[in-house]
Every structure is written in structure tokens, then in C-alpha cells.
Amino acid sequence: MQVAIISDIHGNRHAFEAVLADVGRTSATAIWCLGDVVGYGADPNDCCRLARANTALCLAGNHDLAVTGDLDLGEFSTGAALAARWTQEVIADDHRDWLKSLSPSGEAEGVGLYHASPRDPVWEYVLSALLAELCLDAQAERVCLVGHSHVALAFERPEGEPATGAARRDGDAADLSAGEWIVNPGSVGQPRDGDPRAAWLLLDTTAWTAQWRRTEYDIAGAAASIRAARLPDSLAERLEYGQ
Ligand code: ZN
């Protein structure tokens, strides 16, 4: 089965629409979302509508859980808390109810799915080989997908060897058919790995291959929407740099 993996859309309709169009040009038959549909960006309702219409499966991220009131805003940075409060004010009731129905972890086609990490599906950032080791020890499935860090990457632990990992660029591919893996598609709506293009991943659960993809989108349009909504200017600015 060919699946498009997306994560961390963060209310960025411009990026989400471009990625959906790009996915449509592949042979992917389903889209799985690893959470954070809302938060930071100016179009939370559009992003919920598109996620509900286009994903076969969607997890809840920490920003989604902030908007539903399941997480305390005191745990978030000032900018993130401000954006979450703004999102709470503008989000439609049925989209909030939908977000409330989602879970931060799941499983499909033998793949473990977590918004953040197998040890802590809501908050933990898997960005080092040491942490990846601990997560690989904790995960039930051989291959797991995580989002949350907004960095496209993979950690691999071949049988009897320590885990290693690296950031992944547009067009990079991995053979997941052996060993244990933690794979992050990167972020659709707010990339933080220096490449401002929207990030996603093409996963083949039959051949066990992964391919990282990047999609150009209207960054100026997304930034203008953030400024028009009077959200913090830094949230608009960072989109240009992919940070
Ligand atoms: Zn996120």
C-alpha cells in the first residue's frame, strides 16, 4: 500500500492545498496525518475541513489538544499559547469536536503512529540517536512514524547495532525492509529544517520504502494571512526561512 504521510499542518492552508495536489500526482491511495492540524497558522477551519475530507487517519498533536482545552496553555511558549487562544476563538464547533475525537497515537498496516514519540506521544522531541534508542526500545512496531519536531529525518537501528540518524532532504529514500525505524516526514505548514518548502513522505508498506518530498507553495500568501489575523509577526516571518 502506498500512503502519503503528512504532519504538523498548523493552520497553513496554502501549504496543505499544495501538498494535497502534489500527493494527487502520486500513486498514494491514502493519506495519514500525524497531528497538529491547527496552531500557529491563520486558517484552522480550512485545514480541519481539508484534513477531514482527505485523510484516512489523523492523530491529535499537542497544539490540537491545546485548542480543545485538553492541554494547559501554560505548557506552551508565548507565541504558541497566543495562537492557540486565537484558534479557540475562531474554530467552528464541529471542527473542535472532531479534534477532540482524535488520539495522539495509533497503528495502521503494522506501522506505529505517534504525534511526538513512542514513549510520549504528545510532547517528546526525537532529535538525537540517544533518545531514538530509548524510543526504539519502547515501540511495539518495527517501523514507527512521528511528527512534532518539524524536521524531516530518520533513525535506524539495524539488528545488533546502535541507532544512527540523519536529516533527510527532498528526494531522499530509505529501505525500511530490515531493522527498526523511527521516521519523521517533516512539517507541511511550518518546516524547521532550513528548507521552507512543505514537507511530506511517501511510504510503501508492501515494499517497505520511504521517500521524502518537498512541495513549493505560496509562502507569502500564508504569511500575509497570519499578519491579517494579527497573529505574532514572528510566525509569519519564520515560514520564509523554514525555521
Ligand atoms: Zn507541530
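Below is a short write-up of the structure. None of these values were measured; they are calculated from a predicted model. (Residues numbered from 1 in each chain as written. Predicted model: local features only at pLDDT ≥ 70, side-chain atom pairs only at ≥ 80, totals over all residues. Heavy atoms only, no water.)

### Observations concerning the overall build of the chain
In terms of regular secondary structure, the chain is built from eight helices and twelve strands. Over its C-alpha atoms the chain spans a radius of gyration of 17 Å, differing by no more than 12% from the 18 Å that the globule rule assigns to 243 residues. With the C-alpha coordinates aligned to their principal axes, the bounding extent of the chain is approximately 50 × 35 × 30 Å. Residues counted as buried form 59% of the 243 residues belonging to the chain. Contacts in the chain between residues at least 24 apart in sequence constitute 73% of all its contacts with a sequence separation of at least 6. (Helix = DSSP H or I, 4+ residues; strand = E, 2+ residues; numbered from the N terminus. Rg over C-alpha atoms; globule rule 2.2 N^0.38 Å. Buried < 20%, exposed > 50% of the residue type's maximum accessible area, 1.4 Å probe, protein only. Contact = heavy atoms within 4.5 Å.)

### What to know about the coordination of the zinc ion
Four donors placed tetrahedrally about a metal ideally form angles of 109.5 degrees, and six donors placed octahedrally ideally form angles of 90 or 180 degrees. Looking at the metal site, the zinc ion is ligated by Asp 8 (OD), His 10 (NE2), Asp 36 (OD) and His 150 (NE2), spaced 2.0 to 2.4 Å from it. Geometry at the zinc ion is irregular, judged from the four donor atoms that bind it and their angles of 87 to 179° at the metal. For the zinc ion, the donor residues sit on a single chain with the sequence spacing D-x1-H-x25-D-x113-H. Of this pair, Asp 36 sits in the loop between β2 (30–33) and α2 (44–54) while His 150 sits in the loop between β6 (143–146) and β7 (153–157); the two residues are 114 residues apart in sequence, bridging distant segments of the chain. What makes His 150 buried here is its relative accessible area of 1%. (Donors = N, O, S within 2.8 Å, 3.2 Å for Na, K, Ca; no water. Tetrahedral: all angles 85-135°; square planar, octahedral: opposite > 155°, others 65-115°.)

### Quick word on the nonpolar core
By size, the foremost hydrophobic cluster in this structure holds 52 residues, and its most contacted members are Ile 6, Phe 16, Val 37, Trp 98, Leu 99 and Tyr 217. In terms of residues, this core owes the most to one element, helix α1 (residues 13–24), which gives six residues. Counting 23 residues, the second-largest nonpolar core is a separate cluster that includes Trp 32, Ala 154, Leu 203 and Trp 212. (Core = buried A, V, L, I, M, F, W, Y, C linked by side-chain atoms within 4.5 Å.)

### Quick notes on the side chain of Asp 195
Mapped onto the elements, Asp 195 comes out in the loop between β10 (180–184) and β11 (198–204). By relative accessible area, Asp 195 is classed as buried at 12%. Within the structure, Asp 195 has its side chain in polar contact with the side chain of Arg 197 (distance 2.9 Å). Not counting the four nearest positions on each side in its chain, Asp 195 is found in contact with Arg 169, Arg 214 and Gly 242. (Polar contact = N/O pair within 3.5 Å; in protein donor to acceptor, adjacent residues only side chain to side chain.)

### What about the pairing of β11?
Burial of β11 is extensive: seven of the seven residues sit out of reach of the surface. Along β11, one buried face is formed by Ala 198, Trp 200, Leu 202 and Asp 204 and the opposite face, lined by Ala 199, Leu 201 and Leu 203, is buried too. Examined bridge by bridge, strand β1 (residues 2–6) and β11 share four bridges and lie antiparallel to one another. Bridge pairing in β11 links Ala 4 to Leu 202. Across seven bridges, the pairing between β11 and strand β12 (residues 209–215) is antiparallel. (Pairing = 2+ DSSP bridges.)

### A closer look at the sheet that holds strand β9 (residues 173–175)
One open sheet accounts for six strands, arranged β3-β2-β1-β11-β12-β9; its pairing is mixed. Pairing within the sheet leaves two strands with one partner each, and these edge strands are β3 (57–58) and β9. Seen against the sheet, α1 touches β1, β2, β11 and β12 and runs at an angle of roughly 30° to β11. (Axes fitted to C-alpha atoms, helices over the stretch in contact; angles between N-to-C directions.)

### Some thoughts on the sheet that holds strand β4 (residues 105–108)
The strand order across the open sheet formed by six strands is β4-β5-β6-β10-β7-β8, and the pairing between neighbours is mixed. Of all the strands in the sheet, the pair left with one neighbour each is β4 and β8 (164–167). Each adjacent strand pair in this sheet contributes to an overall mean axis angle of 15°, direction not counted. Pairing between β7 and β10: five bridges, direction antiparallel. Bridging across to β10, Leu 153 finds its partner in Asn 184.

### Comments concerning the pairing of β2
For a regular strand, the rule is simple: side chains alternate between the two faces of the sheet. Side chains Ala 30 and Trp 32 project from β2 onto one buried face, and the interleaved Ile 31 and Cys 33 project onto a second face that is buried too. Both β1 and β2 contribute to a ladder of four bridges, which runs parallel. Bridge pairing in β2 places Ile 6 opposite Cys 33. Regarding topology, α1 serves as the crossover connection from β1 to the parallel β2, and that connection is right-handed. Pairing analysis gives two bridges linking β2 to β3, with the strands arranged parallel. Along β3, the bridge assignment pairs Trp 32 with Leu 57. Crossover connection from β2 via α2 to parallel β3: handedness right-handed. (Right-handed = clockwise from strand over helix to strand, strands pointing away.)

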